[in-house]
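A look at the structure
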Amino acid sequence: MNARPRPGVPWRRAVLVVMAASGLALGTAAATAAPGKPPAHRTAAAARAVSAPAASTCDPTASSLRPSGPPQVTSGSFMAKIRARGYLIAGVDQSTYRFGFLNPLSNQIEGFDIDMVRAVAKAILGNSNPGTVHFRAISDAQRIPDITNGTVDIVAHTMTITCDRLKLVDFSSVYFLAAQRVLVLKSSKAKSLDDLHGQKVCATHGSDSVDRIKQHHAIAVQVPYWTDCLVLLQQGDVVAISTDDSILDGLAAQDPWTMIIGPQLTSEPYGLAISKQHPEFVRFVNAVLQQLRTDGQWKSIYTRWLGTPVKNPPPAHYAG
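Described below are features of the structure shown in this document. Being a predicted model, the structure only gives us computed values, none of them experimental.

**A short note on the side chain of Thr204**
Within the fold, Thr204 resides in strand β10 (residues 200-204). A relative accessible area of 0% places Thr204 in the buried class. In terms of polar contacts, Thr204 uses its side chain to reach the side chain of Asp140, at 2.4 Å. Non-local contacts of Thr204, meaning those with residues more than four positions away in its chain, are made with Asp140, Val210, Gln222, Val223, Pro224, Tyr225 and Trp226.

So, in structure tokens, the structure goes:
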């Protein structure tokens, strides 16, 4: 990749930012084996299983299964199989700063989503030793296929709960609330997505951000990872990036020559994605999340990755 520095932006800085984006992808590839290309079809059992509400009555913020009590690993459950295996397999992001990213100093994947997964693994395995979670760095487009074909046990990947996705996978209760907005260079005159008609705006394949970009009559440029979007913006190949403000905040922190603009375009409730074949695991994960809400751990994780002031965790609402 050849980064073209913007006026007033030192060449060295432009190169370093692009190298950082590339390093995330390369480092994660070395740290964990990437799953193979997802199959074009899903298993019949997964397609037939229906544990989420139908789209006509769907409420994404109240679509999950109520926990049966404190998290318990019952005999014969999916959690018991994970315990016997000795580790949880989690599909995560590799390039979203603060939520799921490879720390180049520790060579470990870290972030808000990662701490959610580690809490689930600790509840199953009884400890937080290294190796209790096997992370698989996946793209947005791989999230649902990797759950439905059993490549991963759970996905923690800034994944919005939507009615369409609920037809294919189950979700935990909402553990984070975001909203779609727009990131541009500080030299931009745009004030909102409506000012970008006919212009190129970046998003990732498989993200629900693409539809909103098209609805505002901008041209959606789709790439595998959000750091790819940042590089395109730096090179002048797109005029903006549009996705959840939680993701944009991380991109802006990596490039101080960018800024977030415009109103909130959507509400984006995040959930941990789980196969419809394992409803007992959904209830277990919801029990873990409820503990994080009530014992202060959620706020501690928020402070660690997102700073202050600290928001309250989203309250849990269930469908059954």
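**Some details on the nonpolar core**
Grouped together as the largest cluster of nonpolar side chains are 67 residues, with contacts concentrated most on Leu88, Phe112, Met116, Ile124, Phe176, Ile241 and Phe281. Looking at which element gives the most residues to this core, the answer is helix α4 (residues 112-125), with nine residues. Taken domain by domain, this core gets at least three of its residues from each of domain 2 (61-176 + 269-306) and domain 3 (180-263). Ile89, Ile138, Leu166 and Phe171 belong to the second-largest nonpolar core, a separate cluster that totals 14 residues.

**Overview of the sheet that holds strand β4 (residues 108-110)**
Here we have three strands laid out as an open sheet, ordered β2-β3-β4, and antiparallel in their pairing. At either margin of the open sheet sits one strand with a lone partner, and together these are β2 (95-96) and β4.

**A look at empty space enclosed by the protein**
Taken as a whole, this structure holds three cavities of 30 Å³ or more when the rule is applied. The space that makes up the largest cavity amounts to roughly 70 Å³. Looking at the lining of the largest cavity, its residues break down into three nonpolar, five polar and five charged.

**So, the side chain of Ser139**
Here Ser139 is to be found in the loop between β5 (133-137) and α5 (143-148). A residue is classified by how much of its surface remains accessible, and Ser139, at 11% relative accessible area, is buried. Each residue touching Ser139, except ones within four places of it in the same chain, is listed here: His157, Pro224 and Tyr225.

**Re the state of the cysteines**
Using the criterion set out here, one finds two disulfides in the structure. Two residues share a disulfide in this structure: Cys58 and Cys163, whose sulfurs sit 2.2 Å from each other. Between Cys58 and Cys163, the disulfide has an S-S torsion of -95 degrees and is therefore left-handed. Taken together, the residues span a long stretch of sequence, with Cys58 in the loop between α2 (44-48) and α3 (78-85) and Cys163 in helix α6 (residues 163-166) at a distance of 105 residues. Its relative accessible area of 21% is what places Cys163 among the partly exposed residues. Bridging Cys202 to Cys229, the disulfide has an S-S length of 2.1 Å.

Criteria and thresholds
Residues numbered from 1 in each chain as written. Predicted model: local features only at pLDDT ≥ 70, side-chain atom pairs only at ≥ 80, totals over all residues. Heavy atoms only, no water. Helix = DSSP H or I, 4+ residues; strand = E, 2+ residues; numbered from the N terminus. Buried < 20%, exposed > 50% of the residue type's maximum accessible area, 1.4 Å probe, protein only. Polar contact = N/O pair within 3.5 Å; in protein donor to acceptor, adjacent residues only side chain to side chain. Contact = heavy atoms within 4.5 Å. Core = buried A, V, L, I, M, F, W, Y, C linked by side-chain atoms within 4.5 Å. Domains from an automatic or database assignment. Pairing = 2+ DSSP bridges. 1 Å grid on protein atoms, 1.4 Å probe; cavity = no way out; pocket = protein on both sides within 12 Å on 5 of 7 lines; lining within 4 Å. Points joined across faces, edges and corners; volume = space filled by probe spheres on them. Nonpolar A, V, L, I, M, F, W, Y, C, P; charged D, E, K, R; others polar. Disulfide = S-S within 2.5 Å.

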